[in-house]
Amino acid sequence: NAGTATVRVKGLGAYEGYTDIQFSISKKAITITANAQTTEIGQLINKTASQVTASGLISGHSIQSVTLKQSKTTADGTITASNAKIVDSSSNNVTANYAITYATGALTVEVNWVFSLNTSAKTATITNYKGSSKTPTVPSKYYDDSETAYTVTTIGGASLSSDGAFDSKNVTSVTIPSSVTTIEAHAFYSCKLSSISLTSGLTSIGDNAFYSCKNLTSITIPSTVTTIGETIFYRCNSLKTITVNSGNSKYKGEGNAIIERSSNTLIVGCTNTTIPNTVTKIGDSAFSCYYSDYYNPTEGLKSITIPNSVKEIGDNAFSLTDLTSITIPASVTKIGAGVFSSCSKLETITVNANNSKYKSENNAIIEKSSNTLIAGCKSSTISNTVTKIGDSAFSGIPITSITIPDSVTSIEFFAFSATKLTEVVIPDSVTSLGKHAFYNNSYLTSVTIGRGVKSIGILAFGMCTISLKNVTFKVTAGWKAGSTTLTETDLSNTSTAATYLKSTYSSRTWTRS
């Protein structure tokens, strides 16, 4: 050991006797250098003894432990070493025999993630992935520069000022730790995701969370999930397999769909779904947005059989799909608005003749008691027994012309929005046009407003600004747009009337006394 030692020299025979010799043993000078390391932002370095290099260490000796400290967790810096413990081959502590000089190592911090911190709860939300890896693993912890730990609980979604964490990212697979409880709305919007590992601990998946992840083929919902938003797989046309962990008490997976146990409501389906005959309700937007396009010409929901167990079909349940025909069974007693909106290929709508609530006429669904046409398609004609065109009845349907019969008295909210109509004649029997009734009809060139119309809702012809040039009012007197009185002279001019209705006063309710 280093220090002062005494050696006694003893004589033999004629030289009997001894003498003591004192001498010093110096400490062995060595340098311990922290190895360079690369880590992700908010993550700690490897602090084991393997991450230092010793220069001058005696053979058989090794560094058993060392203290390593990074200068930052959020930016490039240095790594310092201290408090090394050196042992010999028998694990004896021989640190005192060394004069140690410590040298720093380089720290590189890769900014692969952007975090938002809740300092009181000590939790973190990932708001952006900036890395280059196509198969990232979401960290379970974030450490600030003082190495205070924050638990990563949320994959951030879109807001008015920012995109979702993985919005449009070129990632093919993502592993999410059990610390994450929430995936927010639009978190994985339009990314290249083909697989994702959702682990136990996740409780909530927000609206449109996997919006347009067109390469996603399968997914398993963990047992801990209790909240699932609308259209979480919007435009995920390649999705063929949906399963739910059998331990989930709120949802179950059946027929490649997610079903709420308590209500037997199918809340999420896919292009490969078979609706089980235990389902009593098809939820709002359950199959919405499985349609083909230029880039995916063969994908989309083309057919579906609704079993006799179903009593209710929610709003927009089959909107934006590739259905060509559909049959509503006798069991259905409630159908929501826009159930087939923007189904551009739908040509045949049939209601079972034994249905007590609805009937089909001319490829449209009509509520018997009120004579309301609640859903049409591109081959529909409006029967002269219909008195009302319901909410979103023809919304997004690519009709180029339609005859509204004299039996109709009201046209409701979004009834003919986003069609390909070029001309509209509102018969004298109609008394009211609902909000957005003909909204966003970019092909519309002329409109005739019948004598009976006394109310035109907000934006009834909003976003018809491109082609709408002429609006003819059969009655020009007595009109107001909000509190503004409109003159007969202005409304007699079809061009001025068109400008008023589609833009100048489009955001006001029009009334006639």
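Scroll up to find the structure.
Structural notes, computed from the coordinates. Given the structure is predicted, the values throughout are model-derived calculations rather than measurements. (Residues numbered from 1 in each chain as written. Predicted model: local features only at pLDDT ≥ 70, side-chain atom pairs only at ≥ 80, totals over all residues. Heavy atoms only, no water.)

**Describing the overall build of the protein chain**
Piece 1. Across its full length, the protein chain carries 2 helices and 41 strands.
Piece 2. For 513 residues, the compact-globule estimate of 2.2 N^0.38 gives 24 Å, and the protein chain exceeds it by more than 25% at 37 Å.
Piece 3. Across the 513 residues of the protein chain, 45% fall into the buried class.
Piece 4. Look at the contacts in the protein chain between residues 6 or more apart in sequence, and 41% of them connect residues 24 or more apart.
Piece 5. Only carbon and sulfur atoms are counted for the fraction: they give 46% of the accessible area of the protein chain, which is about 22,800 Å².
Piece 6. Computed over 40 positive and 32 negative side-chain charges, the inter-centroid distance for the protein chain is 0 Å. (Helix = DSSP H or I, 4+ residues; strand = E, 2+ residues; numbered from the N terminus. Rg over C-alpha atoms; globule rule 2.2 N^0.38 Å. Buried < 20%, exposed > 50% of the residue type's maximum accessible area, 1.4 Å probe, protein only. Contact = heavy atoms within 4.5 Å. Areas by Shrake-Rupley, 256 points an atom, 1.4 Å probe, with all protein chains shown as cover. Lys, Arg positive; Asp, Glu negative; His and termini not counted. Charge placed at Lys NZ, Arg CZ, Asp CG, Glu CD.)

**Digging into the nonpolar core**
Piece 1. Among the nonpolar cores identified, the biggest contains 93 residues, and F188, F210, F233, F318 and F340 are the most heavily contacted of them.
Piece 2. Sort the elements by how many residues they give to this core and strand β7 (residues 77-87) lands first, with 4 residues.
Piece 3. Look past the residues within four positions of F188 in its chain and what remains in contact with it is I155, F166, V174, I176, I183, L193, I196, A209, F210, Y211 and C213.
Piece 4. Within the second largest apolar cluster, 44 residues are counted, among which are V386, A393, F394 and I411. (Core = buried A, V, L, I, M, F, W, Y, C linked by side-chain atoms within 4.5 Å.)

**As for unusual backbone geometry**
Piece 1. Unusually for a residue other than glycine, S342 sits at a positive phi of about 60°.
Piece 2. Structurally, the position occupied by S342 is in the loop between β27 (334-335) and β28 (348-351).
Piece 3. Assessed through its relative accessible area of 25%, S342 is described here as partly exposed.
Piece 4. With a phi close to 55°, S392 is a non-glycine residue in the positive phi region.
Piece 5. Tracing the sequence through the fold places S392 in the loop between β32 (388-389) and β33 (410-411).

**Things to note about the packing of aromatic side chains**
Piece 1. In the structure shown here, the tally under the stated rule is 21 aromatic pairs.
Piece 2. With 5.1 Å between their ring centres and 5° between their planes, F394 and F416 make a pair best called stacked. With F394 in the loop between β32 and β33 and F416 in the loop between β33 and β34 (423-425), this residue pair connects regions lying 22 residues apart in the sequence. Each of the two residues, F394 as well as F416, counts as buried.
Piece 3. A connected cluster of aromatic rings, assembled from ring pairs, spans W113, Y129, F166, F188, F210 and F233.
Piece 4. It is R235 that lies over the ring of Y291; its NZ or CZ is 3.8 Å from the centre. (Phe/Tyr/Trp six-rings, centres within 6.5 Å; stacked < 30°, edge-to-face > 60°. Lys NZ or Arg CZ within 6 Å of the ring centre and 35° of its normal.)

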